[in-house]
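This is what each chain is made of:
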There are 4 protein chains.
Amino acid sequence: MTQYGTLGVAVIGTGRMGADHVRRIDQVISGARVSAVVDLDAERAKRLADGIEGCTAHTDAAAAMAADDVDALVIASPGPAHEEALLTAFAHDLPVLCEKPLTPDAASALRVLEAEQRLGRRRVQVGFMRRYDAEYMKLKALLDGGSLGRPLMLHNRHRNASSPPGFTSANLINDSVVHEMDVTRWLLDQEITAVTVLRPRPSSNAPEGLADPQFVVFETDGGALVDVEMSVNTGFGYQVKAEAVCERGTARIGEEQSLVTETAGRWGGTIVQDFTERFADAYDREVQAWVDATRRGEVTGPSVWDGYAAAAVCEAGVRSLTEGVRVEVELIERPALYR
Amino acid sequence: MTQYGTLGVAVIGTGRMGADHVRRIDQVISGARVSAVVDLDAERAKRLADGIEGCTAHTDAAAAMAADDVDALVIASPGPAHEEALLTAFAHDLPVLCEKPLTPDAASALRVLEAEQRLGRRRVQVGFMRRYDAEYMKLKALLDGGSLGRPLMLHNRHRNASSPPGFTSANLINDSVVHEMDVTRWLLDQEITAVTVLRPRPSSNAPEGLADPQFVVFETDGGALVDVEMSVNTGFGYQVKAEAVCERGTARIGEEQSLVTETAGRWGGTIVQDFTERFADAYDREVQAWVDATRRGEVTGPSVWDGYAAAAVCEAGVRSLTEGVRVEVELIERPALYR
Amino acid sequence: MTQYGTLGVAVIGTGRMGADHVRRIDQVISGARVSAVVDLDAERAKRLADGIEGCTAHTDAAAAMAADDVDALVIASPGPAHEEALLTAFAHDLPVLCEKPLTPDAASALRVLEAEQRLGRRRVQVGFMRRYDAEYMKLKALLDGGSLGRPLMLHNRHRNASSPPGFTSANLINDSVVHEMDVTRWLLDQEITAVTVLRPRPSSNAPEGLADPQFVVFETDGGALVDVEMSVNTGFGYQVKAEAVCERGTARIGEEQSLVTETAGRWGGTIVQDFTERFADAYDREVQAWVDATRRGEVTGPSVWDGYAAAAVCEAGVRSLTEGVRVEVELIERPALYR
Amino acid sequence: MTQYGTLGVAVIGTGRMGADHVRRIDQVISGARVSAVVDLDAERAKRLADGIEGCTAHTDAAAAMAADDVDALVIASPGPAHEEALLTAFAHDLPVLCEKPLTPDAASALRVLEAEQRLGRRRVQVGFMRRYDAEYMKLKALLDGGSLGRPLMLHNRHRNASSPPGFTSANLINDSVVHEMDVTRWLLDQEITAVTVLRPRPSSNAPEGLADPQFVVFETDGGALVDVEMSVNTGFGYQVKAEAVCERGTARIGEEQSLVTETAGRWGGTIVQDFTERFADAYDREVQAWVDATRRGEVTGPSVWDGYAAAAVCEAGVRSLTEGVRVEVELIERPALYR
């Protein structure tokens, strides 16, 4: 049944996410090994490769893809480089785990979508890792089970302790709210049809000129209403919460209660400080699931269609943010490959 | 310092709320007694009065107001009767606790506002009883204390098990969301400047034609953004929750955890079924506070201005609901008496 | 049906608890007024009486009991004075709310028990106010309802921020654990048959020589096992928690979650600092219930039997603490009056 | 630094735990492979081996240990078989992960302890997997950090939905409470010096004759008091909770809140039904940690000393259960190898 023994993986891009995926494949998950790392910075690639038995370093992604012991790719380079890497991977007929965003805009995502359709089979899983978070998985299973009835609304809180230097108002949509876009589409199994971005008076924690927080409202083709509180300079920590309000009840996730202390007149727990801590297990599970499916010759995770839809909703969101109006989302008809 | 001994109170209207206030003044709180009850239904008034020592029954509010042993009024008649009762009370110079709404629309509320200004001093407390709920009071104290910094957003959930017969889409605004309007104005100490009412696809629990749930967004003159999930046919119970998101932290109320059980594969607690259970203590505290202040010759609770502002925001809300657009709220300048 | 109009109450002892009951009857509850206050400190009594219309000050309890406008008593003097005050009250045939302890030891409690039996009807309610706490009442109702099956164990946590000066190891039993004794007997409707007091190494917060914390185990005649963590110098606040473990589930109370904040890397709430804050409503409800029952000519709360049983268990507890062994509790047979 | 590449592991015993470890090493964790499985049931061993590349089946543990591609052992056979397997493993100088119990009694555990000392270095990790549970790890880190001060008491709840056929009163101590014994020793870094087992009236869910629940009290050489509610027929699910009460605060774990629903008048979550669900990640983390340490040539987890101490405390516990008295625990002096 297995089509591959141990999967030889080339990791393209060795920044924060790429290096973390290298560590994960090398030390945490089962059934795969890092056979190549690729980075424009040759020194950096070599340093990483040296710590791993049988791993070679490259500065050229295409060369890595051509190597005999490379069975599959993880693309973790900057978004603008994804399209070329994906098309080359298609040429080598390699399965890919592509970090989000699939590509930086809807037009380029559409080109990838068309290229994959020409291949005639799915090769790409997009890195929307919340689908692999234990809490979101429970919520999804509950909604799919149907005991709560049809979802009417989905309330989301997405909070970061602080934004990185140079983070723009559009980044809140493209890099942060994009997760709730995917979560919405996946949890509800509905497409987003309109976006409205509302701007409360910015927090004084936010850098001058940054529209932070934002309050984003999605409408879906199933008639659900989805709101997202998006904050990137809370100061107090990183939080992701969701509540689905359905016809027969509600369900919510994101209340961390694993260790509760009582001390100095206070009871409670700590708030994690960033997404790597909150979603560590989700990344492990995502990559393990990709390796397992790939070894069986399957693609099971978020698809190129999901990457394209997210790009289209992001474009609408940024327009709503800029123009202060509700913006409708235009998607092409869903191709047969992704039904 | 006390201006009254035991306060003689006439209760006008003896429906659900009025009868409950009669019971409260008679059996629960201190410093007041029910000296008169008024209802168009003479039999009903008499039956209630007979159970209370020294209490007389009336069908005419003005007659009750003229009685020697009536020092103050509780108005619990239907909203359309409030204006006349209030103006008559002003003529008798009687302090009033007036159930919400102050009056059914902004124009009539404005007339009451002008009449009270002519008196030159405040006589009316409006029955926005959430201000007397222990949880809201803690939240208010925390926000006023300033440790969390400026409020940026306020998220509200307001859920009822089922709507009464004849409840209309506009009732969701005028009778239910009106509480969050007052809570918003009071907690933030800001006026509401615009309202947008969004309509997800209605719950199949809702009667045909009722826009339920609604998702309401307020903007305030302090730049805060407030959202309200308003559901009146959840089926599962009554819930009121609020979360204030501030510059240095968040605070939330409404998670009932007084009794937690573990049984049959589930842990958790019960959800109350209506507002009388959830807010029983708030009503007691409200009326006790009104009696105490009245005996000292003061008016301390929600004012006619608060009643007027709520009416104006409600009108805007109903227009937004009907027309599907964002509606700005027009208020007169705040008179000196209410600053 | 009412046997009294407004109940005239004499409050004997005007220390912390007595003064608080005076305030409560005067300003909070319905149906009673303070007609007399009694304290050996004449000045103190006079000062208190002066603030209340129609209230007289006494230094002699018997004189107050003889007054025409005294219908009932609250005894809040120190425990050693209770026996005499109770017997005098019996002579005047007055209903009494007696602060705990009923008397300081089992022998004197037994004398009061016998005296009340000679009267032939119950006149005394003992001040075990936890029975009037909303959370304990819910737990009691749940256990009585039977849905969880027979109680097997009861776990209790009773924590104080700091102990008052002069507080002894025996005070932890007699003044603090005594509440769990009553709670155990009331919740389970069973008598305590044996007590074992275990002593972990004392906290360094505790004054030299104080056995704090203590861990107390009760056995009951129904076969239930009850444990109490009793700490009086936690430093961090006041907490009372209970968990009933039954055949078909568990139920617990005491997790305060009315206001939850998220700030500075922490989520959670505050811990109250003393019992007056935690049990404020319970005291109000206790005294209101006593007034209401007294006006109807009834006694409904904790009885002299409950006070006697608590005294007997306390004696056994102190012996276990001192001698380091399990001690069996000896009770007389329950008289017919208290069945 | 790495002493092994991919670690070849022989799994001895392929019952529930053994088969699960085979799956874990084959499909979940990194750095190891199953090179041999051993079971007296040759068919069963063969069936398991056939599904794994390069895995051989054996009925004789010694033969598996002699194989070239076996670098390390997992012992998951029944407890009585452990001593012989461990001594044979010592003869082959193989690192071992030995499921608990180390051996069934203190005398045999002592023989293993002496044999390992003769080797002069630690080779065995005992399978006390709670040390690898994320919540217990947080609690341990908090206690070790010292911010809460010295632990005074540790309260534990250990509940199972139902006991397997043939489960005896002594099994509650030897198979269930044994986890709290290890948790106590590890969290507090103290030895247990005395055990008292108390028996409430058994639950009617329990089979006739089974002393269930039990309430167990440990005393430690650091003066801490530890209590364990041990229930094996709750009917409602599996729960493990712990609360450490320290001089400056408390900390607790075990409140599952990952998904909270509100429906049909109830809020809350589900209770898992068995330990494999609750501790799935702990098992994964335990085996990964053992593989990682073994590849580095180290032993880092619970030692043979821990296995011996647990056996000695269990013996004392069973005596206390049987004889109804407090029993002191006798341990040999801790050998240098385990300090």
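Given the structure is predicted, the values throughout are model-derived calculations rather than measurements.

## Regarding the environment of E247 of chain C
Here E247 of chain C is to be found in the loop between β11 (239-246) and β12 (249-253). Note on E247 of chain C: relative accessible area 7%, which makes it buried. When near neighbours in sequence (up to four residues on either side) are disregarded, E247 of chain C contacts L148, G149, R150 and L152 of chain C together with P202, S203, S204, N205 and T234 of chain D.

## Notes on the interface of chain B and chain D
If you look at the interface, chain B gives 19 residues, while chain D gives 19 residues. Of the roughly 1,700 Å² buried where chain B meets chain D, counting both sides, 46% is carbon and sulfur surface. Counting across the interface, chain B meets chain D through four salt bridges. Of the charged contacts in the structure, one is a salt bridge between E262 of chain B and R159 of chain D, with a shortest N-O distance of 3.0 Å. Counting across the chain B and chain D interface gives 16 residue pairs in polar contact (both at pLDDT 80 or more). Among the secondary structure elements, those contributing two or more residues to the side of chain B that touches chain D are β11 (239-246), β13 (259-263) and β14 (266-270) of chain B. If you tally residues by element for the side of chain B that touches chain D, the top one is β14 of chain B, at five residues. Per-class residue counts for the side of chain B that touches chain D are five nonpolar, nine polar and five charged. Note: β14 of chain B against strand β14 (residues 266-270) of chain D, five bridges, orientation antiparallel. For G268 of chain B, the partnering residue across the bridge sits in β14 of chain D and is G268 of chain D.

## Let's talk about the packing of aromatic side chains
This model, assessed by the stated rule, comprises 16 aromatic pairs over all chains. Their ring planes at 80° and their centres at 6.3 Å tell us that Y238 of chain C and F279 of chain C sit as a pair that is edge-to-face. A residue pair is termed long-range when its members are at least 10 positions apart, and Y238 of chain C in the loop between β10 (225-231) and β11 and F279 of chain C in the loop between α8 (275-278) and α9 (280-295) qualify at 41 residues. The burial state of Y238 of chain C is the same as that of F279 of chain C; both residues are buried. Between R278 of chain B and the ring centre of F279 of chain B, over which it is positioned, the NZ or CZ distance is 4.4 Å.

## So, the UniProt feature "domain: Gfo/Idh/MocA-like oxidoreductase C-terminal" (unreviewed entry) in chain A
In the numbering used here, UniProt assigns the "domain: Gfo/Idh/MocA-like oxidoreductase C-terminal" (unreviewed entry) feature to residues 140-329 of chain A. In the segment residues 140-329 of chain A, helix accounts for 35% and strand for 29%; the C-alpha atoms at its two ends are 24 Å apart.

## Some details on the relation of the copies chain B and chain D
Rotating chain B by 180° and translating it 0.0 Å along the rotation axis places it on chain D, where the RMSD comes to 0.0 Å. Viewed as a symmetry operation, the transformation between the two copies matches a two-fold axis. Among all residues of chain B, the one whose C-alpha sits closest to the rotation axis is G268 of chain B, at a distance of 1.9 Å. With an isologous cut-off of 70% or more, the 100% of interface residues of chain B that recur at the interface of chain D puts this contact in the isologous class.

## Some thoughts on the domain arrangement of chain A
When the parts of a complex come together, some accessible area is lost, and that lost area is often used as the size of the interface. Residue and element names in this part refer to chain A. Assigned domains of chain A: these are domain 1 (7-129 + 282-302) and domain 2 (131-279 + 309-338). Its C-alpha centre places domain 1 at a distance of 26 Å from the equivalent point of domain 2. Tallying the contact residues gives 24 residues for domain 1 and 21 residues for domain 2. Both faces combined, the contact of domain 1 with domain 2 buries some 2,000 Å², and carbon together with sulfur accounts for 66% of it. At the junction of domain 1 with domain 2, the criterion picks out one salt bridge. Taken together, the connections running from domain 1 to domain 2 amount to 11 residue pairs in polar contact (both at pLDDT 80 or more). For the side of domain 1 that touches domain 2, the elements supplying multiple residues, two or more each, are α1 (16-27), α5 (106-119) and α9 (280-295). Among the elements that make up the side of domain 1 that touches domain 2, the one with the highest residue count is α5 (seven residues). A class-by-class count of the residues in the side of domain 1 that touches domain 2 yields 12 nonpolar, four polar and eight charged.

What counts, and at which threshold
- Residues numbered from 1 in each chain as written.
- Chains lettered and ligands numbered in written order.
- Predicted model: local features only at pLDDT ≥ 70, side-chain atom pairs only at ≥ 80, totals over all residues.
- Heavy atoms only, no water.
- Helix = DSSP H or I, 4+ residues; strand = E, 2+ residues; numbered from the N terminus.
- Buried < 20%, exposed > 50% of the residue type's maximum accessible area, 1.4 Å probe, protein only.
- Contact = heavy atoms within 4.5 Å.
- Buried area = accessible area lost by both parts, 1.4 Å probe.
- Salt bridge = Lys/Arg side-chain N within 4 Å of Asp/Glu carboxyl O.
- Polar contact = N/O pair within 3.5 Å; in protein donor to acceptor, adjacent residues only side chain to side chain.
- Nonpolar A, V, L, I, M, F, W, Y, C, P; charged D, E, K, R; others polar.
- Pairing = 2+ DSSP bridges.
- Phe/Tyr/Trp six-rings, centres within 6.5 Å; stacked < 30°, edge-to-face > 60°.
- Lys NZ or Arg CZ within 6 Å of the ring centre and 35° of its normal.
- UniProt positions renumbered as here; feature names shortened; annotations may be inferred.
- Least-squares fit on C-alpha atoms with pLDDT ≥ 70 in both.
- Domains from an automatic or database assignment.

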